[in-house]
Amino acid sequence: MDNILRLLQPLDFVMIAAYMAILIFIGYWVSFVKKKKENENMFLAERSLAWPAIGLNMWGTNVGPSMLLASASAGYTTGIVSGNFAWYAFIFILMLAVVFAPRYLGAKVSTLPEYMGKRFGQTTRHLLAWYTLITILISWLSLGLFAGGIMVKQLLDIPMWASVLIMVTLSTLLTAVGGLKAIAYTSVFQMLLLIIVSLTLTLIGLDKVGGPSALFHQTPSNYWDLFLPNSDKDFPWLAIVLGYPVMGVWFWCTEQSMVQSVLGAKNLKQGQLGTSFIGWLKILDVPLFVLPGIICFVLFPQLANPDAAYLTLVTNIFPMGMKGLIVVVLMAALIGNVGSSLNSVSTVYTMDIYLKKNKPNATNAEIIKIGRRVTVVSAVVSVIIALAIDGIKGLNLFNVFQSVLGFLAPPMSVAFLFAVFWKQTSRKAINWALSAGTILCLVIGILFYIKLIFKELHFLYLSFALFLLLSCFVVVYSLADKRAGSHEDTLQYQPVKTAMAVKLSWGVLIVIMIALYIIFN
């Protein structure tokens, strides 16, 4: 694959410069020109976000550059089966909308550890705060920068350190100065651009192939099945059906980076419409990110490295000007992803650790100041870790991390599900599940990855088994704990009526998702 930098024409550089100018203008306008309210909460955008910004910002957090390249790679090798991780998600996004969002917004919390603190006490909040910080810093930031840095390095033919610094500097400035509002506004622009450019790539690719019918007939029939036999080592259908819900609840309902946009909603209706919107946007993941890989399989069947499928297609079929746009889109995806993560780290540290442990009476100006410092420090630490990872040769650490994610999910999913659905849950049981349970899951995950245990078992089966084990522990411990349910629960949740627009949006989406699963099986 030729380096894209060598293929760029003057028009391509004009497109890149135009994008950067627009992005800087939006961030500047939100941060300095747009009138701010007194005591503005920079972390939650003054709780002023409407449904378009919520949906697009959540999508921007979810769609990183590694996802673009990995989705096309999966499409190249296995077809649309990887689309389950986008389409199956609608069930858990719906759970966020109707189960968790009303409780989060009703409690008026800034972070999810704060919510759990109101439910189980400050020890639980402190445990979750540090858990969230470490998870975001390593998963979303460091390894995200590592994957994105490799991508930018390949795109622009610059050193790894330079590509990482460029991305993190833009994201840090956007986050430190403007907070969630600046990220949300720029994400709207970036995600709209992502849709346009990716759709253009798919349409040009389909034209080169000869249309949808020609594409269908030039690929193996199982490329169009969402459920593959249990004998398939990568995507057995039962592992997906059982294991993905554990990750789905954690990722979509309890992960600070994903949920923060909903916490910044102006009201519950806008938050629920925003979650519905990302449910609609997730439908696009298959045609925009997976389908280009299938198209590349037909046009370039002898590709040595499937991970290069997306950029191979861009390099060979995009006209002048469009190659520059794809550079912009991939940079936009990384900036949105890193920016949201930096904002989440800043929010959790400031609200759950600094205010609770160090200075409970801090003024809003002091809160914003410490938040900006944490953003910068987090960025520096993530750059150091990303460059350290790059210095280790011979290991695909990004794939290692993806496997470990499945083992991080069970404790969080168990904790939040029991917090919401069982009033008699023991506080001590939840604290043990979050501390010892997390250690247990990670140890098993590491031993599994280095093939010391359960060598032939899919990691999603193990994730599901750990979820069941921790759930049983919480039930048994809570039933044996005479003080279970006696702790002070400051959450006074009252059921709320769901707006008709929300019901209609979700109703139509559910019908469409069921139809898609019928069609592609």
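Predicted model only: the values in this text are computed from it and were never measured.

Basis of the calculations
- Residues numbered from 1 in each chain as written.
- Predicted model: local features only at pLDDT ≥ 70, side-chain atom pairs only at ≥ 80, totals over all residues.
- Heavy atoms only, no water.
- Helix = DSSP H or I, 4+ residues; strand = E, 2+ residues; numbered from the N terminus.
- Buried < 20%, exposed > 50% of the residue type's maximum accessible area, 1.4 Å probe, protein only.
- Contact = heavy atoms within 4.5 Å.
- Areas by Shrake-Rupley, 256 points an atom, 1.4 Å probe, with all protein chains shown as cover.
- Patch = residues over 30% accessible without salt bridge, like charges linked within 9 Å, V, L, I, M, F, W, Y side chains within 5 Å.
- Salt bridge = Lys/Arg side-chain N within 4 Å of Asp/Glu carboxyl O.
- Polar contact = N/O pair within 3.5 Å; in protein donor to acceptor, adjacent residues only side chain to side chain.
- Axes fitted to C-alpha atoms, helices over the stretch in contact; angles between N-to-C directions.
- Parallel < 35°, antiparallel > 145°, perpendicular 65-115°, else oblique.
- Nonpolar A, V, L, I, M, F, W, Y, C, P; charged D, E, K, R; others polar.
- Left-handed = near helix turned anticlockwise from the far one by under 90°.
- Core = buried A, V, L, I, M, F, W, Y, C linked by side-chain atoms within 4.5 Å.
- pLDDT = per-residue confidence, 0-100.
- Expected span 1.5 Å × (residues − 1).

As for the overall build of the protein chain
Thinking step 1. Each helix and strand counted, the protein chain has 21 helices and zero strands in total.
Thinking step 2. For the protein chain, buried positions account for 59% of its 521 residues.
Thinking step 3. Nonlocal contacts in the protein chain, meaning residues at least 24 apart in sequence, comprise 85% of its contacts between residues at least 6 apart.
Thinking step 4. On the protein chain, roughly 21,300 Å² of surface is accessible, and the fraction owed to carbon and sulfur atoms is 67%.

Topic: the environment of Leu194
Thinking step 1. In this structure, Leu194 sits in helix H9 (residues 160-209).
Thinking step 2. When the C-alpha atoms of Leu194 and Leu288 are compared, they prove to be 9.1 Å apart, with 94 residues separating the residues in sequence.
Thinking step 3. With residues up to four places along the chain from it excluded, the contact list for Leu194 reads Trp59, Val63, Leu68, Phe289 and Val329.

Notes on the environment of Tyr88
Thinking step 1. Within the element layout of this structure, Tyr88 appears in the loop between helix H5 (84-87) and helix H6 (90-107).
Thinking step 2. Among the residues examined, Tyr88 registers a relative accessible area of 13% and is labelled buried.
Thinking step 3. Residue contacts for Tyr88: discarding those within four places in its chain leaves Gly83, Ile240, Val241, Tyr244, Pro245 and Tyr517.

Re a nonpolar patch on the surface
Thinking step 1. A grouping of Ile446, Tyr449, Ile450 and Leu452 is seen on the molecular surface, where their side chains present a nonpolar patch of about 400 Å² in accessible area.
Thinking step 2. On the secondary structure map, Tyr449 appears in helix H19 (residues 427-449).
Thinking step 3. Judged by relative accessible area, Tyr449 falls into the partly exposed class, the value being 36%.

A few points about the side chain of Ser198
Thinking step 1. Following the sequence through the fold, Ser198 ends up in helix H9.
Thinking step 2. One polar contact links Ser198 to Tyr310, side chain to side chain, over a distance of 3.5 Å.
Thinking step 3. Not counting residues within four places of it along the chain, the set of residues in contact with Ser198 comprises Leu288, Phe289 and Tyr310.

Comments concerning unusual backbone geometry
Thinking step 1. Unlike most non-glycine residues, Lys108 shows phi in positive territory, near 55°.
Thinking step 2. Along the chain, Lys108 falls in the loop between H6 and helix H7 (112-120).
Thinking step 3. On the basis of relative accessible area, Lys108 is assigned to the exposed category, the value being 62%.
Thinking step 4. A positive phi angle, close to 45°, is found at Phe454, a residue other than glycine.
Thinking step 5. Owing to a relative accessible area of 44%, Phe454 belongs among the partly exposed residues under this scheme.

Quick notes on the pattern of salt bridges
Thinking step 1. Across all of its chains, the model carries two salt bridges by this definition.
Thinking step 2. In this structure, the salt-bridge partner of Asp234 is Lys233, at a minimum N-O distance of 3.3 Å.
Thinking step 3. By relative accessible area, which is 37% here, Asp234 ends up partly exposed.
Thinking step 4. A salt bridge links Lys282 to Asp285, with the nearest nitrogen and oxygen atoms 2.5 Å apart.
Thinking step 5. The class for Lys282 is buried, based on a relative accessible area of 3%.

Some words on the packing of H6 against H7
Thinking step 1. Contact geometry for H6 and H7: axes closest at 10 Å, N-to-C directions at 80°. Classed by the angle they form, the pair H6 and H7 counts as roughly perpendicular. Contacts from Arg103, Tyr104 and Ala107 of H6 reach H7 at Leu112, Tyr115 and Lys118.
Thinking step 2. Classifying every residue of the contact of H6 with H7 by side-chain character gives four nonpolar, no polar and two charged.

Let's talk about helix H15 (residues 309-317)
Thinking step 1. For H15, a buried count of eight out of nine residues is recorded, marking the element as mostly surrounded by other parts of the structure.
Thinking step 2. When we look at burial in H15, the residues that qualify are Ala309, Tyr310, Leu311, Thr312, Leu313, Val314, Thr315 and Ile317.

Describing the environment of Val376
Thinking step 1. With respect to the helices, strands and loops of the structure, Val376 is situated in helix H17 (residues 364-391).
Thinking step 2. The exposure class of Val376 is partly exposed, given its relative accessible area of 41%.

Digging into the packing of H6 against helix H13 (residues 268-283)
Thinking step 1. The geometry of H6 relative to H13 is characterised by a closest axis approach of 9 Å and an angle of 155° between their N-to-C directions. One finds that H6 runs roughly antiparallel with respect to H13. H13 is crossed by H6, and the crossing has right-handed handedness. Residue-level inspection shows Ile93, Leu96, Ala97, Val98, Ala101, Pro102 and Leu105 of H6 in contact with H13, the latter providing Leu268, Gln272, Thr275, Ile278, Gly279 and Lys282.
Thinking step 2. Considered class by class, the residues forming the contact of H6 with H13 number nine nonpolar, three polar and one charged.

Things to note about the nonpolar core
Thinking step 1. By size, the foremost hydrophobic cluster in this structure holds 160 residues, and its most contacted members are Trp59 and Trp252.
Thinking step 2. The leading source of residues in this core is helix H16 (residues 322-358), at 16 residues.
Thinking step 3. With sequence-adjacent residues up to four places away left out, Trp252 is seen in contact with Met58, Asn62, Ala89, Phe92, Ile93, Leu96, Tyr244, Met258, Val259, Ile278 and Lys282.

Examining the side chain of Ser426
Thinking step 1. Tracing the backbone through its elements, the reader meets Ser426 in the loop between helix H18 (397-421) and H19.
Thinking step 2. The buried category is assigned to Ser426, whose relative accessible area is 0%.
Thinking step 3. A distance of 3.2 Å separates a polar side-chain atom of Ser426 from the backbone nitrogen of Lys428.
Thinking step 4. Within the structure, Ser426 has its side chain in polar contact with the side chain of Asp481 (distance 2.7 Å).

A word on the confidence of the model for the protein chain
Thinking step 1. Of the residues in the protein chain, 83% have a pLDDT of 70 or more, and the chain-wide mean is 81.
Thinking step 2. Confidence drops under pLDDT 50 across residues 38-43; counting only partners more than four residues distant or on other chains, this segment forms 24 contacts.
Thinking step 3. For residues 394-398, every residue scores under 50 in pLDDT, and the model assigns this stretch eight contacts once sequence neighbours within four places are set aside.

A short note on H13
Thinking step 1. Under the 1.5 Å per step criterion, the end-to-end length of H13 is 23 Å for 16 residues, consistent within 8% with the ideal 22 Å.
Thinking step 2. Within H13, 13 of the 16 residues are buried, leaving the element largely enclosed by the surrounding structure.
Thinking step 3. The opening residue of H13, the one whose side-chain oxygen lies 3.2 Å from the backbone nitrogen of Lys269, is Asn267.

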